[in-house]
Amino acid sequence: MQKYLTLADGTQWIGTAFGDRSVEGAGNLVFNTGMLGYQETITDPSYLNQLIAFTYPLIGNYGIDPTVNQATTIGTQAVIVHELADFSDHYSSRATLDSFLFTHHVPGIQGIDTRELTIHLRHTGTQLAIISNQPVTNFQLKAASLPTKQLTPQPVPVQATHGSQPHIVILDFGEKTAITQELVARGCQVSVVPATSSFKLIAAYHPDGMLLSNGPGDPEAQAAVLPLIRQLAAHYPLAGICLGHQLIALAYGAKTYQLTFGHHGLNHPVQNLATGQVIMTAQNHDFAVDPASIAKTPLQVTAIELNDGSVEGLTLPGQTVMSVQFHPEAHPGPTEAGQFFDHFIHTLTQEVVANA
């Protein structure tokens, strides 16, 4: 069965359908350069209503392991690959990528020259695209007719596997489960609450620290939460990851902007400006903090991305507020990015002891 990928600029690719062959979808088309981690990518809530094109030529070869899903539902609109593996070969595999997408009603298209597609997007930038079962004759009308997906976060208390301190409350904008797992592995008790939660509700959890999660979309669309972020920072140690990092920037007067084609991959070098250390990071974001706007705020830049100089870390001198643009819970090979969790937990633990 043929499947059609049509971009807003009129370009079109024709391939073969997999996953849920009956489903069509529309959304921003982005490319991911990772050589592995396709399951974590597809289930990452930050890809809500996006079509994902994988640049690595063979996807699906080690199958699907249910334990590494980053969310219970999939917000991705479609998956685009050059070649889908005919079978999976890994001891932890419980399903093929084809069957996994079918179960979750996500369409896929294979046989696309994803390198050519990526080069096209690098020149034109991220744009709206449609995956359909028939050629698209009226792009705007077809795009408007296709449904979008929504995140439905719920309060989730998670008990630590060992130890009992500290208690961290995650404000959930589209959190990856790996963030919770990293905190629990370090002896934390974790509670996850929706991003719409009030300060009163959050305070009832008696947190030792707060973490603003990753999530999809334009950070400026979350303007309503900025007063809450400042209120939380005045009462608790506060950390932010990805979207959470951008929201901290906005809360203190900085600006954000949309990247031409985003950062979606596992090989982004980030330098700590204080130590000079360079680490390789996993990233997934379409917006970034405007470095020129930070000079007019109390924030300080702590890290930069060495490919394009974009802001990768922030801190607020005089308060325990810190953030990173990359994903410290993801391990693209090296594990040094996890130092962010270690630093945050150490800092808030010292505050708990000092205030005891």
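Bear in mind that the values here come from a model prediction, so they are computed numbers and not experimental data.

Once that is clear, we can look at the overall build of the protein. Within the protein, the regular secondary structure consists of 10 helices and 19 strands. By the burial criterion, 55% of the 356 residues in the protein qualify as buried. Distance between charge centroids for the protein: 6 Å, based on 13 positive and 27 negative side chains.

Summarizing the sequence annotation, UniProt attributes the feature "binding site: L-glutamine" (unreviewed entry) to S46, G215, G217, L243, Q246, N284 and F287 in the numbering used throughout. Maximum C-alpha separation among the annotated residues is 13.5 Å over a sequence range of 242 residues, consistent with a single clustered spot. None of the other annotated residues line the largest pocket; only S46, G215, G217, L243, Q246, N284 and F287 do. Within the fold, S46 resides in the loop between helix 1 (38-42) and strand 4 (50-54). Setting aside its immediate chain neighbours within four residues, S46 contacts N214, G215, P216 and N284. Looking at the secondary structure, you find G217 in the loop between strand 13 (209-212) and helix 7 (226-235). What makes G217 partly exposed here is its relative accessible area of 46%. In this structure G217 touches L243 and F287, once residues within four positions along its chain are discounted.

Attention shifts here to the sheet that holds strand 2 (residues 12-19). Strand order in the closed barrel formed by seven strands is 1-2-8-6-4-3-9, with mixed pairing between adjacent strands. Each strand of the sheet is rotated relative to its neighbour by a mean of 35 degrees, with strand direction disregarded. Pairing analysis gives two bridges linking strand 6 (residues 78-80) to strand 8 (residues 107-110), with the strands arranged parallel. When the sheet's bridge partners are listed, V79 is paired in strand 8 with G108. Running at roughly 95 degrees to strand 3 (residues 25-32), helix 3 (residues 114-124) makes contact with strand 1 (2-7), strand 2, strand 3, strand 4, strand 6 and strand 9 (127-132) of the sheet.

Further remarks concern the pattern of salt bridges. For the structure shown, the criterion picks out five salt bridges. A salt bridge links R21 to D98; the nearest nitrogen and oxygen atoms lie 3.5 Å apart. Placement of R21 in the loop between strand 2 and strand 3 and of D98 in helix 2 (residues 97-103) is noted, with a sequence separation of 77 residues between them. In this structure, E24 engages K142 in a salt bridge whose closest nitrogen and oxygen atoms are separated by 2.8 Å. Taken together, the positions of E24 in the loop between strand 2 and strand 3 and K142 in helix 4 (residues 139-145) put the pair 118 residues apart, joining distant regions of the chain. The structure contains a network of salt bridges with shared partners spanning E182, R186 and D342.

Packing of helix 7 against helix 8 (residues 243-251) brings their axes to within 9 Å, and their N-to-C directions diverge by 90 degrees. Here helix 8 runs roughly perpendicular to helix 7, going by the angle between their axes. Contacts between helix 7 and helix 8 involve L226, I229 and R230 on the former and, on the latter, L247, I248, L250 and A251. Of the residues assigned to the contact of helix 7 with helix 8, the class counts are six nonpolar, no polar and one charged.

This next bit is on unusual backbone geometry. One non-glycine residue, N49, adopts positive backbone phi at about 60 degrees. Position of N49 relative to the elements: it lies in the loop between helix 1 and strand 4. Here the phi dihedral of H206 falls at roughly 50 degrees; this positive angle occurs in a residue that is not glycine. One can find H206 in the loop between helix 6 (199-203) and strand 13. Given a relative accessible area of 64%, H206 falls into the exposed group.

Quick look at the packing of aromatic side chains now. Within this structure, the stated rule accounts for four aromatic pairs. Note on F340 and F341: the rings are 6.1 Å apart at their centroids and 65 degrees apart in plane angle, and the pair reads as edge-to-face.

So, on to helix 7. Among all positions of helix 7, only L226, L228, I229, L232 and A233 are buried. End-on view of helix 7: buried residues confined to an arc of 155 degrees, all on one side of the axis. Buried residues belonging to helix 7 abut strand 11 (167-172), helix 6, strand 13, strand 14 (238-241), helix 8 and strand 19 (321-324).

Criteria and thresholds
- Residues numbered from 1 in each chain as written.
- Predicted model: local features only at pLDDT ≥ 70, side-chain atom pairs only at ≥ 80, totals over all residues.
- Heavy atoms only, no water.
- Helix = DSSP H or I, 4+ residues; strand = E, 2+ residues; numbered from the N terminus.
- Buried < 20%, exposed > 50% of the residue type's maximum accessible area, 1.4 Å probe, protein only.
- Lys, Arg positive; Asp, Glu negative; His and termini not counted.
- Charge placed at Lys NZ, Arg CZ, Asp CG, Glu CD.
- UniProt positions renumbered as here; feature names shortened; annotations may be inferred.
- 1 Å grid on protein atoms, 1.4 Å probe; cavity = no way out; pocket = protein on both sides within 12 Å on 5 of 7 lines; lining within 4 Å.
- Contact = heavy atoms within 4.5 Å.
- Pairing = 2+ DSSP bridges.
- Axes fitted to C-alpha atoms, helices over the stretch in contact; angles between N-to-C directions.
- Salt bridge = Lys/Arg side-chain N within 4 Å of Asp/Glu carboxyl O.
- Parallel < 35°, antiparallel > 145°, perpendicular 65-115°, else oblique.
- Nonpolar A, V, L, I, M, F, W, Y, C, P; charged D, E, K, R; others polar.
- Phe/Tyr/Trp six-rings, centres within 6.5 Å; stacked < 30°, edge-to-face > 60°.
- Arc of directions from axis to C-beta.

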